[in-house]
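An overview of the molecular structure
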Amino acid sequence: MIKFVSAWDEDFFHDFCSIRNDLYKNSKYFIPDNLNTFKEMLNIKAPFNINNMWTAWIIYDERKKPVARIFASTRKLGNKFKQNQFLPIGFFESNNYFNSSILLKACEEWAKNQGYKTLRGPIQGNVFNSSRFITKQSRKPFYGEPLHKKEYIEYFKEYGFFISQNWITAHFGLRARISGMKKYLSRFSKSRSRKTNYQVRTIDFNKWDEEFRLVYELLMDSYMMMKDVELISFEEFRVWSSGIKGLVEKK
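What comes next is a walk through the structure.

Conventions used here
- Residues numbered from 1 in each chain as written.
- Predicted model: local features only at pLDDT ≥ 70, side-chain atom pairs only at ≥ 80, totals over all residues.
- Heavy atoms only, no water.
- Core = buried A, V, L, I, M, F, W, Y, C linked by side-chain atoms within 4.5 Å.
- Buried < 20%, exposed > 50% of the residue type's maximum accessible area, 1.4 Å probe, protein only.
- Helix = DSSP H or I, 4+ residues; strand = E, 2+ residues; numbered from the N terminus.
- Contact = heavy atoms within 4.5 Å.
- Pairing = 2+ DSSP bridges.
- Axes fitted to C-alpha atoms, helices over the stretch in contact; angles between N-to-C directions.
- Phe/Tyr/Trp six-rings, centres within 6.5 Å; stacked < 30°, edge-to-face > 60°.
- Lys NZ or Arg CZ within 6 Å of the ring centre and 35° of its normal.

1. Considering the nonpolar core
Within the largest apolar cluster, 28 residues are counted, with the highest numbers of intra-cluster contacts made by Phe-13, Phe-16, Leu-42, Trp-54, Ala-56 and Phe-71. Going through the elements one at a time, helix H1 (10-23), helix H2 (35-42), strand S2 (52-60), helix H7 (208-223) and helix H8 (234-241) are the ones with two or more residues in this core. In terms of residues, this core owes the most to one element, H1, which gives five residues. Contact partners of Leu-42, with chain neighbours within four places excluded, come to Trp-8, Phe-13, Phe-48, Asn-49, Trp-54 and Phe-71. Within the second largest apolar cluster, 25 residues are counted, among which are Val-67, Ala-72, Trp-110 and Ala-111.

Here is the structure:
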């Protein structure tokens, strides 16, 4: 049985969360899905919900247990961030390829109805929320890095998807960070930038709201050059990224 919704439904998203929570409950790197997180994103007054059309699907097995899920979205007509290049799909989980093909087909048909010929994923509504599959892992995951079954990459390939971009995640330990800062300061002291009144400072936690908006504006300016990125409003960014404050160190 397959069920879908296009508006906030607490019972539906309780099942939506349970799929992922059951699949990875034994992984020490798993951050459980939280119903409130989806509610903040999809309730009637949420910025993402106001700016987007979306549909979420769940497949249930013969015991009526939820076993597979997916989510597709697109900007509403007239929204300044709407683009016509691709439709994002994400929040994907499935117990087998057969169920994944049913969900991907549903997204494909939904995309055609919205005028799209291309799907890209996994993108959880937007790349600023979460995206990417991990194709190779050589060290333990960092906080919030995608966690998924390895066979998902094969599920997507078998359906007809191909890799659109490759990204490399780098890790810098304490020694590398100190070395990097020394090299940067050495170059900066000799560069023309120093003579053009540029300043380097630490984040001011007493003016966090202002600093947070500055981070948003810098990210939008940087990411707008990338073909797989659909920009977002500050209100959406604030919902998805406010937790960054607890991870940022002034030093």
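Having put the structure on the table, let's press on.
2. Some points on the pairing of S2
Within S2, eight of the nine residues are buried, leaving the element largely enclosed by the surrounding structure. As judged from the nine bridges shared by S2 and strand S3 (residues 66-75), these two strands associate in the antiparallel manner. Note on S3: the bridge partner recorded for Tyr-60 is Pro-66. The hairpin turn running from S2 into S3, its antiparallel successor, is five residues long, and Lys-64 in that turn takes a positive phi close to 65°.

3. Here we look at unusual backbone geometry
Residues Gly-121 and Pro-122 are joined by a peptide bond in cis, for which omega reads 0°. You can see Pro-122 is positioned in the loop between strand S5 (119-120) and helix H5 (151-159). The phi dihedral of Phe-91 falls on the positive side, at around 50°, and the residue is not glycine. Secondary-structure assignment places Phe-91 in strand S4 (residues 87-94). One non-glycine residue with positive phi stands out, namely Arg-132, at about 90°. Along the chain, the position of Arg-132 falls in the loop between S5 and H5. Look at Arg-132 and you get partly exposed, because its relative accessible area is 27%.

4. Comments concerning the sheet that holds S3
Strand pairing in a sheet relies on backbone hydrogen bonds, with the paired strands running either antiparallel or parallel. An order of S1-S2-S3-S4-S5 is seen for the five strands of this open sheet, with the pairing classed as mixed. Across the chains shown, the open sheet's two edge strands, defined by having one partner strand only, are strand S1 (2-5) and S5. In the sheet, S1 pairs with S2 via four bridges, with the strands oriented antiparallel. Directly across from Val-5, in S2, lies its bridge partner Ala-56. Taken strand by strand, helix H4 (residues 97-113) contacts S1, S2, S3, S4 and S5, and its axis lies near 20° from that of S3.

5. Digging into the packing of aromatic side chains
Going through the model one piece at a time under the given rule, you end up with 29 aromatic pairs. Ring centres 5.2 Å apart and planes at 75° place the aromatic pair Phe-12 and Phe-13 in the edge-to-face group. The exposure class assigned to Phe-12 is buried, which follows from its relative accessible area of 0%. Here Phe-13 falls in the buried class, since its relative accessible area comes to 0%. Ring centres of Phe-13 and Phe-38 lie 5.7 Å apart, and the angle between their planes is 25°; on these two criteria the pair is classed as stacked. Of this pair, Phe-13 sits in helix H1 while Phe-38 sits in helix H2, and the two are 25 residues apart along the sequence. Taken as a pair, Phe-13 and Phe-38 share a single burial class, namely buried. Feature note: the residues Trp-8, Phe-12, Phe-13, Phe-16, Phe-38, Phe-48, Trp-54, Phe-71, Phe-91 and Trp-240 constitute an aromatic cluster, connected by ring pairs. Seen from the ring of Phe-234, Arg-213 lies directly overhead, with NZ or CZ sitting 3.9 Å from the centre.

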